[in-house]
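Letter by letter, the chains look like this.
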Amino acid sequence: MMQQKCPNIPAVFAEADVFITGGTGFMGKVLIEKLLRSCPQIARVFVLMRAKRGKSLEDRLKLITDGVLFDMLKRENPEVLKKIQPIEGDCTMLKLGMSPDSMERMKDVQFVFHAAASVRFDDPLKDAILINTRSTREVLDWAKTLRKLRAVVHVSTTYCNPELMHVEEKIYPPKMDWREAIRLAEMFDNALLETVKEKLTQFAPNTYTYTKALAEQICYEYRNDIPLVVFRPSIVTNTETEPLMGWVDNFNGPIGLLLGCASGVVRTGLLDLEKRINCIPVDVSIKAIIVAAWKRATTDEQGTLPVYNSAAEPEKTINYGTMLYDGKVLFDRTPLSNMLWAPGGTTTSNKYCFYLVFFCCQLLPAIIVDTLLRVAGKVPFLLRLNRKIFDAQVSLRYFMNNEWVFKTENFKELEYTLTADDRKDFSTNYFVRGMMEYYESAILGGRRYLLKEPDENIAYALKKYKRLRVLNYTLKFALSFLIVYFIYNKYIV
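Presented here is a report on the structure given in the accompanying data block.

1. Thoughts on the overall build of the chain
So, step 1. Each helix and strand counted, the chain has 20 helices and 15 strands in total.
So, step 2. For 493 residues, the compact-globule formula gives about 23 Å, and the C-alpha radius of gyration of the chain, at 24 Å, lands near that figure.
So, step 3. Projecting the C-alpha coordinates of the chain onto the three principal axes gives extents of approximately 90 × 50 × 50 Å.
So, step 4. Pairs at least 24 apart in sequence give 85% of the contacts found in the chain among residues at least 6 apart.
So, step 5. Total accessible area computed for the chain in this model is approximately 23,500 Å², and 57% of it derives from carbon and sulfur atoms.
So, step 6. For the chain, the distance from the average site of its 66 positive side-chain charges to the average site of its 57 negative ones is 5 Å.

As structure tokens, then:
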């Protein structure tokens, strides 16, 4: 039970040191910004960052805070940015690659958010185990040494048990001993592990979800040692409201598919139009993560392991057919100025049909265009881009042709534990303005923040879109006429 007269969220985080892994990622950036903006009395925010050749940690941090995501914070309270302190380290290394001096600096950390992960579906098993599984053990081992620790939030995924179509908010039985998995990753090289990957993973659809499930097993075993929370977002998409509408920094998820279709590059999809996609706005998930940490810190539940499925309820999901249709309607209003061809194409859930259509409608045109670019002395790019699109669609096939239902009672309860004051800044309600309105802002966000297209060129884009549509219909008519003419002369006359 929650304690009576529990202090509000900003009060709990006031003067508290926080440690974040994955702070340079999509969710990590939003988490840092939200903590600093809504908990301004927070002490220090330590962010684990890898050193990169030619760039200091401070340079990498400045690159993040110079982004539009932090504009509101820089206007309202720029001094708070000084509380972000980069810590050199690497989640693929033992002890997270942190030095003893860094650990000494962070001895008073009260909250730990472990959001680092490789979300690549095609990572070699060895790499995925080291970054997704072993790093979790390293974080929790270090967290056990913190004297003032109040809560650790492990960010997982609702799809870590993808063979289950109904997912409850609980830890499921292990598919493999996580200690053995780490031992194998440490002992053998990539080539050897890849030869036995299917047997080890029991034919899991990818190494990402498999190794995230192993990480949850580690959390389960550490539940008596530290105050832990497992937080599982579904497909994390653009911000809904804060700090700005529609912000996104990657092409993962449905926005990548929609932008690919809008550019005219993606002409076929390997998916089942009737299956529903489950998306949750990143700012909603981040607020829920903070609320979950606050609740864990102010609740005496030693030995328990709360699990939260941060996913949309079935009535707040749409199927792929509706998503693509609505996307077309929205792109008719705000098309892309750099589209290569008029949007269009077809979808199929049959992989062989997909291969055929992909070859005819994407691969052959890409070869022709790249050849013309070479002749003109320009750099070819379309064939390489289509290879990436093909690999992405094949790796996502399992998820785009199946449908999951996630139990979200614990997640929904977070909203009801908030005080009236906290609800203003940390409400976990989502799609408040409506789903169509959200996806419209998400598409505009993809246009602005991923493709760097200003709203001022929408009028130009509309003119280009109309010209390409006329050209597209003309070409289709000409091809149809030639085919009919050939058949008529060959077989009828």
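There's plenty left to go through after this.
2. Re the state of the cysteines
So, step 1. Under the defined criterion, the tally for this structure stands at 0 disulfides.
So, step 2. No disulfide involves Cys279; its nearest neighbouring cysteine sulfur is the one of Cys261, lying 14 Å away.

3. Comments concerning the nonpolar core
So, step 1. By size, the foremost hydrophobic cluster in this structure holds 88 residues, and its most contacted members are Ile9, Phe13, Leu35, Leu36, Phe111 and Phe113.
So, step 2. The element that contributes the greatest number of residues to this core is helix α12 (residues 282-297), accounting for 11 residues.
So, step 3. Once residues lying within four places of it in the same chain are set aside, the contact partners of Phe113 are Phe13, Val18, Phe19, Ile20, Thr21, Leu31, Leu35, Val153, Ile289 and Ala293.
So, step 4. In terms of nonpolar packing, the next biggest core, distinct from the first, is built from 40 residues, Ile87, Ile171, Ile218 and Leu228 among them.

4. Focus on the side chain of Thr298
So, step 1. Relative to the elements of secondary structure, Thr298 occurs in the loop between α12 and β12 (307-310).
So, step 2. On the basis of relative accessible area, Thr298 is assigned to the buried category, the value being 4%.
So, step 3. A polar atom in the side chain of Thr298 sits 2.8 Å from the backbone oxygen of Trp294.

5. Things to note about the sheet that holds strand β5 (residues 151-155)
Two pairing modes exist for strands in a sheet, parallel and antiparallel, and in both the strands are linked by backbone hydrogen bonds.
So, step 1. Strand order in this open sheet of 7 strands is β3-β2-β1-β4-β5-β7-β12, and the pairing throughout is parallel. Two strands in the sheet have a free side with no partner beyond their single neighbour: β3 (84-88) and β12. Between one strand axis and the next, the sheet turns through 20° on average, direction left out of account.
So, step 2. Pairing of strand β2 (residues 45-49) with β3 involves 5 bridges; the strand directions are parallel. For Val47, the partnering residue across the bridge sits in β3 and is Pro86.
So, step 3. Packed onto the sheet, helix α2 (residues 26-38) meets β1 (17-21), β2, β3, β4 (109-114), β5 and β7 (228-233) and runs at close to 165° relative to β1.
So, step 4. Across the sheet, α12 lies against β4, β5, β7 and β12, angled at about 165° from β7, the strand it touches most.

6. Quick look at helix α7 (residues 178-187)
So, step 1. What α7 keeps buried is the set Trp178, Ala181, Ile182, Leu184 and Ala185. With its buried residues spanning 160° around the axis, α7 presents them on a single face.
So, step 2. Looking at the buried positions of α7, the neighbouring elements they touch are α6 (125-143), α8 (190-195), α9 (197-201) and α10 (207-221).
So, step 3. At the N-terminal end of α7, a side-chain oxygen is found 2.7 Å from the backbone nitrogen of Arg179, two or three residues along, and the residue is Asp177.

So, how was this worked out
Once a new chain begins, its residue numbering starts again from 1 and follows that chain's sequence as written. Given that this is a predicted model, residues contribute local features only at a pLDDT of at least 70 and side-chain atom pairs are listed and counted only at 80 or more, while totals for whole chains, interfaces and linings are drawn from all residues. Heavy atoms throughout the structure, all of them, feed into the side-chain values; hydrogens and water do not. Only runs of H or I of at least four residues qualify as helices and only runs of E of at least two qualify as strands under DSSP, and these elements are numbered from the N terminus. Taken over C-alpha atoms, the radius of gyration is set against a globule rule of 2.2 Å times the number of residues to the power 0.38. Only heavy atoms enter the contact rule, under which two residues are in contact if any of them lie within 4.5 Å. Note on areas: these come from Shrake-Rupley sampling with a 1.4 Å probe, and a residue is covered only by the protein chains present in the view. The charge count treats Lys and Arg as positive and Asp and Glu as negative. His and the chain ends do not count. Charge placement uses NZ in Lys and CZ in Arg. For Asp and Glu, CG and CD serve respectively. By convention in this document, the label disulfide applies to cysteine sulfur atom pairs within 2.5 Å. Buried Ala, Val, Leu, Ile, Met, Phe, Trp, Tyr and Cys residues form a nonpolar core when they are joined through side-chain atoms within 4.5 Å. Accessible area is worked out with a 1.4 Å probe on protein chains only. A residue is then buried under 20% of its type maximum, exposed over 50%, and partly exposed in between. Whenever a nitrogen or oxygen atom comes within 3.5 Å of another N or O atom, the pair is scored as a polar contact, on the condition that within protein one atom can donate a hydrogen and the other can accept it, and that pairs from neighbouring residues in sequence are kept only if both atoms are in side chains. Any two strands with at least two DSSP bridges between them are considered paired. A fitted line through C-alpha atoms represents every axis, and for helices the fit uses only the stretch in contact; the resulting angles, taken between N-to-C directions, go from 0 to 180 degrees. Along the arc lie the directions from the helix axis toward the C-beta atoms.

Purely spatial values, then, with no claim about function.
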